[in-house]
Amino acid sequence: MIRLLLADDHAIVRAGLRALLESNPDIAVVGDAPTAEAAVAFCTTTPVDLVLMDLSFGPGRSGVDATAQLRALEKPPHVLVVTNYDTDADILSAIEAGACGYILKDTPPTELLAAVRSAAAGESVLSPAVASKLMIRVRRADTTLSPREIEVLRLVANGSSNREIAKDLFLSETTIKSHLVHIYAKLGVRSRTSAVARAREQGAI
C-alpha cells in the first residue's frame, strides 16, 4: 500500500487527485496539505511513502523548499513534483532538491498512476515534455544558462540594477557583469532587454 500525501494550494486540484488515486486499491491518500509548510509538518508526524508536490504555494515556502526539507528528514518520503511549470530552472531546482520525478498536471490519468507507483518505489520519473527539455539542455550545455545565470537574469527581468543584483546575491558587481557577459554570449544577444526576451522565448525564465 502506497501512503500518499497531496501538497497543492488549490483545493479542487487536491480533491481531483484524491478521487483519482483513491479508486486504486494499492494507494491510500493519508492526507493533503494546502501549503509547503503543512506538507513538511505532516510528514514529521505521519508515515508517508510519497508526496505529490506542487511548486507554487503563493506566499511562504515553495515546493522546492519543501522537497529539500522532506528529503532531509530521518525517514524521508519520496517526492513527485506535479505542476504546471516546466522551465529549465524549475525542473533543475526540484531535481537538485531531491525530487525523484517531475510531471505536468496535464499528464493523462493512466500515466499519472504509473508515475506514482514508480516514484513510490524510488524510481526516476519524468514526463515526456520534461525529459525532452533536459535532453536539449544536456546536448546544448555550452549554450544553456546555469542556475546562477538564470537567477541573475530573473533579477534583471524584475528591473534590478547590477548593484542591486550583487547585493541580493551577495556577489560583487564585477561578478554580476561577468555573468551577464556569459549570458549574452550564450543567448546570442547584446542587451539586457534582449537577454530577458530570448530567455523567456526559450522557457529558461
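Criteria and cut-off values
Counting restarts for each chain: residues are numbered from 1 in the order of the written sequence. With the structure being a predicted model, the display of local features is reserved for residues of pLDDT at least 70 and the display and counting of side-chain atom pairs for 80 or more, all residues being used for whole-chain, interface and lining totals. Think of the side-chain values as coming from all heavy atoms in the structure, minus any hydrogens and water. Helix and strand assignments come from DSSP, with helices taken as H or I runs of at least 4 residues and strands as E runs of at least 2, each series counted from the N terminus. Only protein chains enter the accessibility calculation, which uses a 1.4 Å probe. A residue is then buried if its area is under 20% of the maximum for its type, exposed if over 50%, and partly exposed in between. All accessible-area figures derive from a Shrake-Rupley calculation using a 1.4 Å probe, and residue coverage is judged against the displayed protein chains alone. Asp and Glu count as negative and Lys and Arg as positive, but His and the ends of the chain are not part of the count. Each charge is placed at NZ for Lys, CZ for Arg, CG for Asp and CD for Glu. Here, two cysteine sulfur atoms that lie within 2.5 Å of each other are counted as a disulfide. For two strands to pair, DSSP has to find at least two bridges joining them. By definition, the crossover connecting two strands over a helix is right-handed if that path, from the first strand to the second, turns clockwise as seen with the strands pointing away from the viewer.

A closer look at the overall build of the chain
Right, on to step 1. Helix and strand counts for the chain stand at 10 helices and six strands.
Right, on to step 2. Dimensions of the chain along its principal axes, counting C-alpha atoms only, are 55 × 30 × 30 Å.
Right, on to step 3. Across the 205 residues of the chain, 43% fall into the buried class.
Right, on to step 4. When the accessible surface of the chain is split by element, carbon and sulfur atoms take 54% of a total near 10400 Å².
Right, on to step 5. Distance between charge centres in the chain, computed from 22 positive and 24 negative side chains, equals 6 Å.

A look at the state of the cysteines
Right, on to step 1. Overall, the coordinates contain zero disulfides when judged by the stated rule.
Right, on to step 2. This cysteine, Cys43, is not joined by any disulfide, and Cys100 carries the nearest cysteine sulfur, 13 Å off.
Right, on to step 3. Residue classification places Cys43 among the buried residues on the basis of a relative accessible area of 10%.

Quick notes on the pairing of strand E2 (residues 27-33)
Right, on to step 1. As paired elements, strand E1 (residues 2-7) and E2 share six bridges and run parallel to each other. The residue of E2 that forms the bridge with Ile2 is Ile27.
Right, on to step 2. Handedness of the β-α-β unit built from E1, helix H1 (residues 11-21) and E2 comes out right-handed.

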